[in-house]
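What the coordinates show
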Amino acid sequence: MKRIVTIQDISCLGKCSLTVALPLISAMGVEAAIIPTAVLSTHTMFKNFTCKDLDDQIVPITDHWKQEGFHFDGIYTGYLASAAQVKTVMSVIDKLKTDDTMIIVDPAMADNGKMYPAFDSDFPKEMAKLCGMADVILPNITEASFLTGTPYKEQYDEAYIRELLHKLAALGSKTVILKGVQLDGKYGVLCYDAASDSYSAYWHEKLPVGYHGTGDIFSSVFVGARMRGKTIEESVRIAADYTVECIRVTNDRKGSNWYGVDFETVIPKLVEKL
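First, a word on what this report is: a plain description of the structure on this page. (Residues numbered from 1 in each chain as written. Predicted model: local features only at pLDDT ≥ 70, side-chain atom pairs only at ≥ 80, totals over all residues. Heavy atoms only, no water.)

Some remarks on the pattern of salt bridges
Our working rule: Salt bridge, as used here, is a side-chain nitrogen of Lys or Arg placed within 4 Å of a carboxyl oxygen of Asp or Glu. Helix and strand assignments come from DSSP, with helices taken as H or I runs of at least 4 residues and strands as E runs of at least 2, each series counted from the N terminus. The rule is simple: take the accessible area with a 1.4 Å probe, protein chains only, and divide by the maximum for that residue type; under 20% is buried, over 50% is exposed, in between is partly exposed.
If you walk through the whole model with that rule in mind, you get 14 salt bridges. Between Arg162 and Glu158 there is a salt bridge, and its shortest N-O distance comes to 3.0 Å. Of this pair, Arg162 and Glu158 both sit in helix 6 (residues 158-170), 4 residues apart, roughly one helical turn. Classification of Glu158 by relative accessible area gives partly exposed; the value is 40%. For Arg253, the salt bridge is made with Asp262, and the minimal N-O distance between the two is 2.7 Å. Residue Arg253 is classed as partly exposed on the basis of its relative accessible area of 36%. You can call Asp262 buried: its relative accessible area is 7%.

Side note on helix 9 (residues 263-273)
Filter applied, for reference: Each C-beta atom gives one direction from the helix axis, and the arc is the one those directions make. Working rule for contacts: check all heavy atoms of both residues, and any pair within 4.5 Å makes them a contact.
Every buried residue belonging to helix 9 is among Phe263, Val266, Ile267 and Leu270, and all of these are buried. The arc that holds every buried residue of helix 9, seen down its axis, measures 140°, which confines them to one face. Next to the buried residues of helix 9 lie helix 1 (18-27), helix 7 (214-227) and helix 8 (232-252).

Points about the packing of helix 5 (residues 141-148) against helix 6
Test applied: Every axis corresponds to a line fitted to the C-alpha atoms, with the helix fit spanning only the stretch in contact, and the corresponding angles, defined between N-to-C directions, vary from 0 to 180 degrees. When an angle is under 35 degrees it counts as roughly parallel; over 145 it counts as roughly antiparallel; between 65 and 115 it counts as roughly perpendicular; any other value is oblique. Here is the rule for handedness: rotate from the far helix to the near one, and if that takes an anticlockwise turn smaller than a right angle the crossing is left-handed, while a clockwise turn gives right-handed. Side-chain classes follow a simple rule in which Ala, Val, Leu, Ile, Met, Phe, Trp, Tyr, Cys and Pro form the nonpolar group, Asp, Glu, Lys and Arg form the charged group, and the remainder, Gly included, forms the polar group.
Remark: helix 5 packs on helix 6, axes separated minimally by 10 Å, with the N-to-C direction vectors making an angle of 55°. Judged by the angle between their axes, helix 5 and helix 6 are oblique. Read as a crossing pair, helix 5 and helix 6 show a hand that is left-handed. Contacts from Ile141, Ala144, Ser145, Leu147 and Thr148 in helix 5 reach Tyr160, Ile161, Leu164, Lys167 and Leu168 in helix 6. Across the contact of helix 5 with helix 6, the residue classes tally to 7 nonpolar, 2 polar and 1 charged.

In short, shape yes, function no, at least from these values alone.
Given below as structure tokens:
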């Protein structure tokens with residue numbers, strides 16, 4: 001069985017970050033170790049949430065694992081709390097990776113043309129360095145614009161998307177997966193393989209609703225699929241279809257919580273796809 005470590009915060013209630021990564025990756029038949037970067041009472045869409053920074057625990061956890069001789073087939077990073085924490089995580093990757101460790105970075109820091117409120121102008125520069133260590137990065141268009149210093153556009157053409165993909169690859173990642181792309185009336189995910197200079201796309205249904213945590217779900221399922229030996233294209237398709245189905249089920253069910261999708265009830269369909 002493959003083993004990965006995922007490094008991101010844990011919102012105790014809210015269906016995002018580690019509270020979706022751990023159950024989804026585990027359900028896909030992959031061992032998921034965790035390094036929590038912070039503990040929040042809820043995710044940040046709630047008012048008056050509490051937050052305990054765990055930055056001082058990240059390196060001791062890593063050092064203990066090194067002493068025990070653990071090997072990880074993948075390292076998957078999500079939301080990181082500060083530029084300083086990004087630097088810490090880069091040092092962790094240096095300690096834990098081996099020649100066969102796949103590094104997957106979800107540069108969770110922005111959406112809808114804006115940075116998340118907790119981040120300053122230095123954050124994208126550090127996140128770009130982390131992306132440069134990755135085999136695969138999974139930004140949305142807003143994150144791609146901040147990572148590359150490219151003006152954000154709500155209306156764009158294929159040339160703009162290809163420019164973003166090339167600039168992202170120039171950071172150092174082997175594969176770029178750009179989420180939330182809308183071109184010629186189609187919506188989906190575009191992939192760029194830097195080594196072969198080749199593109200692929202997966203177009204899927206776009207539902208007229210949005211929920212917190214769906215980006216974390218997509219990335220976590222992608223990681224699980226890759227660890228199960230699926231190709232990049234297969235992993236994107238599985239992750240996108242599962243995320244859409246989670247949104248559909250949540251939107252259709254009366255009484256669903258507003259703060260996240262009902263991903264739990266759709267897990268059997270995810271397992272079937274493997």
